[in-house]
Amino acid sequence: MEIYLDANATTPVLPQARAAALAVMAEAFGNPSSIHGAGLKARALLDGVRATARRVLQAPSGQLLFTSGATEGIQTAVLSALNALRERRAAGQAIPTVLLYGATEHKAVPEALRHWNALLGLRLEIQAIPVGPDGRHDLAWLRAHAPQAGLVCTMAANNETGVISDLDGIAAALAGSGALWLVDGVQALGKLPLKLLERGIDYAPFSGHKLYAPKGVGLLYVREGAPFTPLMAGGGQEGALRSGTENMAGIAALGAVLAALEQGGVFADATELQARRERLSEALRAAFPGLVLNAPLALSLPTTLNFSVPGFSARQLLDLFDAAGLRLSGGSACGAARAQPSYVLQAMGLPAWQTAAAVRLSFGAADDAALIDAACTRLAACAQALQASGELPGAATPGRLPALTRFVVDGACCYVLADADSRRCVVVDPLPELTPRLPTWLRAHQARLLAVLDTHSHGDHASSATDLRQALPADLLQPADALGWPQGLQALELGGCWLTRLPLPGHTQDSTAYLLHNPQGLRLACVGDTVLPGALGRTDFAQSAPAAYGGSLRTLLQAVGPHTLLLPGHDYEHRLACTLAVECAAQPLLEGVLSGQLDDAGFARAKAQLEQHLGPTEYQTLACGARVDCAQGSEPVELAAAALQPGGLLVDVREPYEQRLGTAPAPAGVPMRALPWSELAAELPDWLAQLPRHTPLYFICRSGNRSALAARALRRLGFGQAWSVAGGLALWPAHEPR
């Protein structure tokens, strides 16, 4: 069963609202502008819903328009306020010089300000009102800037954090300023008294789908006497203030929700909602030790929790929750698909790790207590899955220790090379962001840490090697050199494998590759920043001699050959791994160096010419690997689940903790294997050596994102029949989380 906990993004449609919409479509489908009986019936319904809305919002005066939603309402309000300023300027009057909006506003507000400010030719300064660590507006700053403001835009309650604005304090700060005031009431509808008249709010947009009405219907309140300019002109509907035939089904549904709100009995009261939030908060804290709430509960909506967990990215947590059938969001739903830090939490001044790892849990006022109980049970199951996978302390027995595990933080890669039988392991390029997650993972797997190695002295981020050695000192081989290699050893034994090192000065003078061997030969090499998939390698450091870089590449070619798997220190475009043969095919400059057509001096000249041709910014992008191959980026890799053919291999690239929470499909005739994305590189040496390149490889994950990355990575390595199952398990009809 799916447990939906993303109500701040949207809500299901209330049964009463659905029935009202269907009734209108079936029986009262008349146009409210028509004067015959059917039209009059529709007009009566329209007027009745508007009257209900006035009572619920306590807005007996002013305009109350039906819109398509909050974005239209915001656009209309901003246009109205700014057009009034333009008319005053045209009449020769002095006008305010600044437009203000809360730094944590929904993006629809600043974007509307920028759009209409430019389109109307006002060219006013647009400034963000600072907020404190509690998410509330800096009232002293606002009071100082209000006299110069023509329009001030603030939220009643924030959609990401749930923080409730001090509207009375804002009203006092604006008193006497003459600024028009827009209050985004989307998250407040049905939860907070807005006191529109008492506070002197000029504009307040609302959206029905945030409170159990369908998408596509909303309201805009305009204070009596506030300037107004229609966004849409046409047939004169809504008293010529908002033309376009009204969305009668949506309006009827919204009316049913407002009636339920007015009558009571459907939505839980604030006390009950706070009790439910507290139960969820306790369940989260019990599941995730160290969890941090990103907004004070006392100042937040009783239906919202915004939190971060040390050591876990938002994407990891969302994958985990989704596997358990819990639907949460990473910040605002409008921006959650983009893996970017929360600008809301950044504006609050929270640490970078919190802004990048934030997850939002929001439930609806009509959700029942049974749903909260079920959610708490699922959260406990998530913790158990993490413990069993070694991601949290508490596993009763050690988990399987993979031969190779990759951890990635903002494109930087850390590798754990291990032997499952002896449980010996080596960590390469540890990252501070993995503390304390990595020690926890190693302890849970009862790993014997022999060495912590860096491939080079780091210039753009710190190594956490010292912290890791202090956390797990028991089996370390001492003493070690500056990069962590045990002194006096030519090789590090890992069961049937062994690790050697290869100096590759060029990126930095101490750059080193680590080569993993077994009795059959060389398996792979951790090459740090010397070679990056799809890029020139990091040749941009001041201490690096560019001419030496070509020599290092030739040294690497002589040591590993063209087809050995190379694991990069950075993987900005999720290419996973590469070989020198693959990189030569993609990069003529690299091919010239390795083939001897370019000597060291020639490489230095070519590098300088390329930088001059591209410009510093474009060259830096190329040199750091942050450019997708054109063919790779445009080539389709998705395949419908029904198109899977016998003879291929279906690979589940979800992480172990996800796989513990939900089974993946096993289609007839297609063998299936669980091979997490973090462990996929361990399989690549054998696939490159033994698997025919035409073998169909089908990858599947939760949503189709990681599986598409896997398919593209394998395509780049020569497997032309690598495919991603479109939509992943989210769109697999028979899939149901346990």
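See above for the structure.
What comes next concerns the included structure.

Rules used throughout
- Residues numbered from 1 in each chain as written.
- Predicted model: local features only at pLDDT ≥ 70, side-chain atom pairs only at ≥ 80, totals over all residues.
- Heavy atoms only, no water.
- Helix = DSSP H or I, 4+ residues; strand = E, 2+ residues; numbered from the N terminus.
- Expected span 1.5 Å × (residues − 1).
- Buried < 20%, exposed > 50% of the residue type's maximum accessible area, 1.4 Å probe, protein only.
- Phe/Tyr/Trp six-rings, centres within 6.5 Å; stacked < 30°, edge-to-face > 60°.
- Pairing = 2+ DSSP bridges.
- Contact = heavy atoms within 4.5 Å.
- Axes fitted to C-alpha atoms, helices over the stretch in contact; angles between N-to-C directions.
- Right-handed = clockwise from strand over helix to strand, strands pointing away.

**Quick word on helix H3 (residues 70-90)**
Now for step 1: Given a rise of 1.5 Å per residue, 21 residues ought to cover 30 Å, and the 30 Å separating the end C-alpha atoms of H3 matches this to within 8%.
Now for step 2: The buried fraction of H3 amounts to 15 of the 21 residues, a majority that puts the element mostly inside the structure.
Now for step 3: Directly beyond the C-terminal end of H3, a positive phi value near 90 degrees is found at Gly 92.

**Quick word on the packing of aromatic side chains**
Now for step 1: Counted under the stated rule, the structure contains five aromatic pairs.
Now for step 2: Ring geometry for Tyr 212 and Phe 267: centres 5.7 Å apart, planes at 50 degrees, overall tilted. In this pair, Tyr 212 sits in the loop between strand S7 (203-207) and strand S8 (218-222) while Phe 267 sits in the loop between helix H8 (248-263) and helix H9 (270-287), placing the two residues 55 residues apart along the sequence.
Now for step 3: Judged by relative accessible area, which is 15%, Phe 267 ranks as buried.
Now for step 4: Ring geometry for Phe 307 versus Phe 321: centroids 6.4 Å apart, planes at 75 degrees, classification edge-to-face. Taken together, the residues Phe 307 in strand S10 (residues 304-308) and Phe 321 in helix H10 (residues 314-323) connect sequence positions 14 residues apart. For the pair formed by Phe 307 and Phe 321, the shared burial category is buried.

**Things to note about the sheet that holds strand S25 (residues 697-700)**
Now for step 1: Read from one edge of the open sheet, five strands run S22-S26-S25-S23-S24, paired in parallel fashion. Looking at strand neighbours, the two that pair on one side only are strand S22 (638-639) and strand S24 (672-674), the edges of this open sheet.
Now for step 2: With four bridges joining them, strand S23 (residues 649-652) and S25 adopt parallel strand pairing. Its bridge partner being in S25, Leu 650 is matched across the sheet by Tyr 698.
Now for step 3: Those strands touched by helix H23 (residues 680-690) are S23, S24 and S25, and its axis lies near 180 degrees from that of S25.

**Let's talk about the pairing of strand S4 (residues 125-129)**
Now for step 1: Relative to S4, strand S3 (residues 98-102) runs parallel, the two being bridged by five bridges. Across the sheet, residue Gly 102 finds its bridge partner in S4, namely Ile 129.
Now for step 2: You can see the chain leave S3, run along helix H4 (residues 108-119) and come back into S4, and the turn it takes is right-handed.

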